[in-house]
Amino acid sequence: MTIYDSVQKKKRDFIPQVQGKATLYVCGPTVYDDAHLGHAKSALVFDLLARVLKANGYDVTYARNITDIDDKIIKKAIEQKKEIKEITDFYTEAFHREMEALGVLRPDIEPRATESLEAMFTLIQNLIDLGHAYKTNEGDVYFDTASDGEYLTLSRRVQEEEEKQNRIESSSLKKNSADFALWKSVKNDNMTYESPFGKGRPGWHVECSAMIEKHLANANNKYAVDIHGGGADLLFPHHENEAAQTRCATNHALANYWMHNGFVNINDQKMSKSLGNSFFLKDALEKYDGEVLRFYLLSTHYRANFNFNEEDLLTSKKRLDKIYRLKKRLFGLTQNGEKTSFQEKLLEALSDDLNVSQALALIDMMVTNANEILDTAGKHKELKTETLANLAFIEKILGFGVKNPFIYFQFGINQETKEKLAALIIQRDEAKKAKNFEASDKIREEILAYGVSLMDTPQGTFWEKV
RNA sequence: GGUGCCAUCGCCAAGUGGUAAGGCCGCAGCCUGCAAAGCUGCUAUCCCCAGUUCAAAUCUGGGUGGCACCUCCA
């Protein structure tokens, strides 16, 4: 398969360091607030990547961290007069719940900063011993960017420009304005951790490097992991700094392939906390089926910026609906895991740097073709088993169509309404039988007011939430 | 100011040298009591200019217009 490497800026064939195995590390959320659509996009992209790697036969080890040490968490804990753990547990659970609703599979490893402190100490100590980090007389430990000859090669920035930008706010205690904290000394504050460098907190960048060493890296390999991923904004400074730490503290580079997903905008506007237009996942999930969000957020190539808007989302829903309607037509039949050329082509498309658009085009054509044949008279035994196997493959690799198709079309309809609909449908059937079409159409109008449309089929009348 | 990305039908969106995928919307039809669903058919020469080439949406140069990062951020 091929992967676009955002550092080399080209598509590269994916060749893992250890044949048949793939290691993947993705920067996960800082659990101090609800996850927004951007978190969802990133999680979905790398969930898909892990699935595609597996489908290509790789034994995948996927790690996504949870940052549970952070100034914003502490700030919130103080504001709400709560324990840090209470805050981080709450948002971690919410994150897991929301990811599940999106059909995002749990990574193999989910390291937390609080559980990785020893690994951070080791890494920081190595950097100090090797002359790549220094302690200030205030007790902070900084990474010495000047000691790393390859600093800024990842994001290809120009040192002087960075300095120009940083000069104003640079601390006099830092040797170089670009130097970043590995350990922040904290005094008069009980929310600190003991370390060989004194009481304080780790810097943000150090946790990823440390976790990767602890959970994924093999000392003999050239790279700590095969693939490192995250949002486009993380390339600089976060990933630049991670890469610098790892290359200076260990004898290997951090990652062979770097992948960065594009940003999610809301109605052409950047989503940001300061603009107050963050679209929280929990709110979106109340309005839309998680799988519709999954389909929509994955429908555009992962590297492109994504402009979230309701109109496009509903277009995506219609596309997903078609998969589910085909599932309805074949409901109750079991699949036998048959391999088809459709599946080969689908995997091929996704293996080309996650070309989801191509994959969706293939799916649409497969669905149309299956419907067309099912529309014509015949027993279609072969087509049915083949189609069922294809749908199962789509479920597995893309996570589309995983629900019971009848339940899928009931999203947002409560039990009371369901009973009411059932009663109205019986009334309408009676009117239809009596050829009282005026009455039956009136009932249909009434049902439509619930946002529900009816479908008369030889098997009876079915309803769907529009 | 520095670094980088992008510009394809009304809308969303693939395609990165060989003559424009797919979806939504729209129109016409089949099916239907009528619908819905499903199916069939129809709809673009790729922001502008110049160049390279037998051949360019795809490469090069120059415009124009969007956008991102450079500060915590997926």
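On a predicted model such as this, the values are computed, not experimentally measured, just so you know.

Once that is clear, we can look at the packing of aromatic side chains. Tallied over the entire structure, the rule returns 17 aromatic pairs. When the centroid spacing of 6.2 Å and the interplanar angle of 55° are considered together, the rings of W183 and F197 count as tilted. Here the residue W183 occupies a position in strand β7 (residues 181–185), and F197 occupies one in the loop between β7 and β8 (200–202), the gap between them amounting to 14 residues. The exposure classification of W183 matches that of F197, with both residues buried. For the ring pair Y324 and Y408, a centre distance of 3.8 Å and an interplane angle of 15° mean the geometry is stacked. Taken together, the positions of Y324 in helix α10 (residues 310–329) and Y408 in helix α14 (residues 405–408) put the pair 84 residues apart, joining distant regions of the chain. Residue classification places Y324 among the buried residues on the basis of a relative accessible area of 0%. Following the ring pairs from residue to residue traces out a cluster consisting of F279, Y296, F306 and F308. In this arrangement the basic side chain of R12 is found over the ring face of Y257, its NZ or CZ atom lying 4.1 Å from the centre.

All right, on to the side chain of R294 then. Within the element layout of this structure, R294 appears in helix α9 (residues 290–298). Of note is the side chain of R294, whose polar atom sits 2.9 Å from the backbone oxygen of G103. When sequence neighbours within four positions are dropped, the list of residues in contact with R294 reads L44, D47, R51, L102, G103, V104, L398, G399 and F400.

So, on to the domain arrangement of chain A. The domain architecture assigned to chain A consists of domain 1 (2–266), domain 2 (313–406) and domain 3 (412–465). Distance from the C-alpha centre of domain 1 to the C-alpha centre of domain 3: 54 Å.

With that settled, the discussion passes to helix α11 (residues 341–351). Within α11 the residues assigned to the buried category are F342, Q343, L346, L347, A349, L350 and S351. One or two steps after α11, the chain reaches D353, where phi turns positive at roughly 55°.

Bringing the sheet that holds strand β13 (residues 306–308) into the picture now. As summarised here, the arrangement of the three strands in space is β12-β11-β13, forming an open sheet in which the pairing is mixed. Whereas interior strands pair on both sides, the edge strands pair on one side only; in this sheet they are β12 (269–270) and β13. As defined by bridge partners, strand β11 (residues 264–266) adjoins β13 across three bridges and the pair is classed as parallel. Bridging across to β13, I266 finds its partner in F308.

We now examine the protein's contact with RNA strand B. Close contacts around RNA strand B come from 54 residues, with K72, W204, G231, K270 and R444 the closest. Each atom of RNA strand B within 4 Å of the protein was classed as base or backbone; sugar and phosphate made up 66%. In this structure, a sugar or linking oxygen belonging to RNA strand B sits 3.5 Å away from a side-chain N or O atom of T315. Between RNA strand B and K318, the relevant distance is 3.0 Å, taken from a phosphate oxygen to a side-chain nitrogen or oxygen of the residue. For the surface near RNA strand B, the secondary-structure elements that each account for two or more residues are α1 (37–55), α5 (159–166), β9 (223–231), α10, α12 (356–375), α15 (415–433), α16 (437–448) and β14 (452–457). Of the residues contributing to the surface near RNA strand B, the split by class is eleven nonpolar, 22 polar and 21 charged.

This paragraph deals with the nonpolar core. One finds F308 and L346 to be the most contacted residues of the largest nonpolar core, which totals 76 residues. If you tally residues by element for this core, the top one is α1, at eleven residues. In terms of domain composition, this core takes at least three residues from each of domain 1 (2–266) and domain 2 (313–406). When residues no more than four places from it in sequence are discounted, the contact partners of F308 are L37, V264, N265, I266, N267, F279, L293, Y296, L297 and L313. Counting 42 residues, the second largest nonpolar core, distinct from the first, contains Y25, I212, A244 and W258.

Let us look at the pairing of strand β15 (residues 460–465). Pairing of β14 with β15, which is carried by six bridges, proceeds in the antiparallel orientation. Note that in β15 the partner of L454 across the bridge is W463. The hairpin turn running from β14 into β15, its antiparallel successor, is two residues long.

For the structure shown, the criterion picks out 29 salt bridges. Between D89 and K85 there is a salt bridge, with the nearest N and O atoms lying 2.8 Å from each other. With D89 and K85 both in helix α3 (residues 84–101), this residue pair falls four residues apart, about one helical turn. A relative accessible area of 55% means that K85 is categorised as exposed. A single network of salt bridges, built from pairs that share partners, joins K317, D321, R325, K328 and E464.

This part is about the confidence of the model for chain A. Per-residue confidence for chain A gives a mean pLDDT of 92; residues scoring 70 or more make up 95%. The least confident element of chain A, judged by mean pLDDT, is α5 at 58; the most confident is strand β4 (residues 59–64) at 98.

As a further point, take unusual backbone geometry. Following F236, the chain continues to P237 via a peptide bond in cis, the omega torsion being 0°. Residue placement: P237 occurs in helix α7 (residues 235–249). Look at L152: it is not a glycine, yet its phi comes out positive at around 80°. Turning to its location among the elements, L152 is positioned in the loop between β6 (141–143) and α5. Assessed through its relative accessible area of 5%, L152 is described here as buried.

The strand order β5-β6-β7-β8 describes an open sheet built from four strands, whose pairing is antiparallel. Edge positions in the sheet fall to β5 (133–135) and β8, since each of these pairs with one other strand and no more. Across the sheet, the axes of successive neighbouring strands diverge by a mean angle of 20°, strand direction being ignored. One ladder, built from three bridges, connects β5 with β6; its direction is antiparallel. From the neighbouring strand, K135 faces β6, where its bridge partner is V141. Those strands touched by helix α4 (residues 117–129) are β5, β6, β7 and β8, and its axis lies near 110° from that of β7.

Rules used in this analysis
Residues numbered from 1 in each chain as written. Chains lettered and ligands numbered in written order. Predicted model: local features only at pLDDT ≥ 70, side-chain atom pairs only at ≥ 80, totals over all residues. Heavy atoms only, no water. Phe/Tyr/Trp six-rings, centres within 6.5 Å; stacked < 30°, edge-to-face > 60°. Helix = DSSP H or I, 4+ residues; strand = E, 2+ residues; numbered from the N terminus. Buried < 20%, exposed > 50% of the residue type's maximum accessible area, 1.4 Å probe, protein only. Lys NZ or Arg CZ within 6 Å of the ring centre and 35° of its normal. Polar contact = N/O pair within 3.5 Å; in protein donor to acceptor, adjacent residues only side chain to side chain. Contact = heavy atoms within 4.5 Å. Domains from an automatic or database assignment. Pairing = 2+ DSSP bridges. Near = heavy atom within 4 Å. Nonpolar A, V, L, I, M, F, W, Y, C, P; charged D, E, K, R; others polar. Core = buried A, V, L, I, M, F, W, Y, C linked by side-chain atoms within 4.5 Å. Salt bridge = Lys/Arg side-chain N within 4 Å of Asp/Glu carboxyl O. pLDDT = per-residue confidence, 0-100. Axes fitted to C-alpha atoms, helices over the stretch in contact; angles between N-to-C directions.

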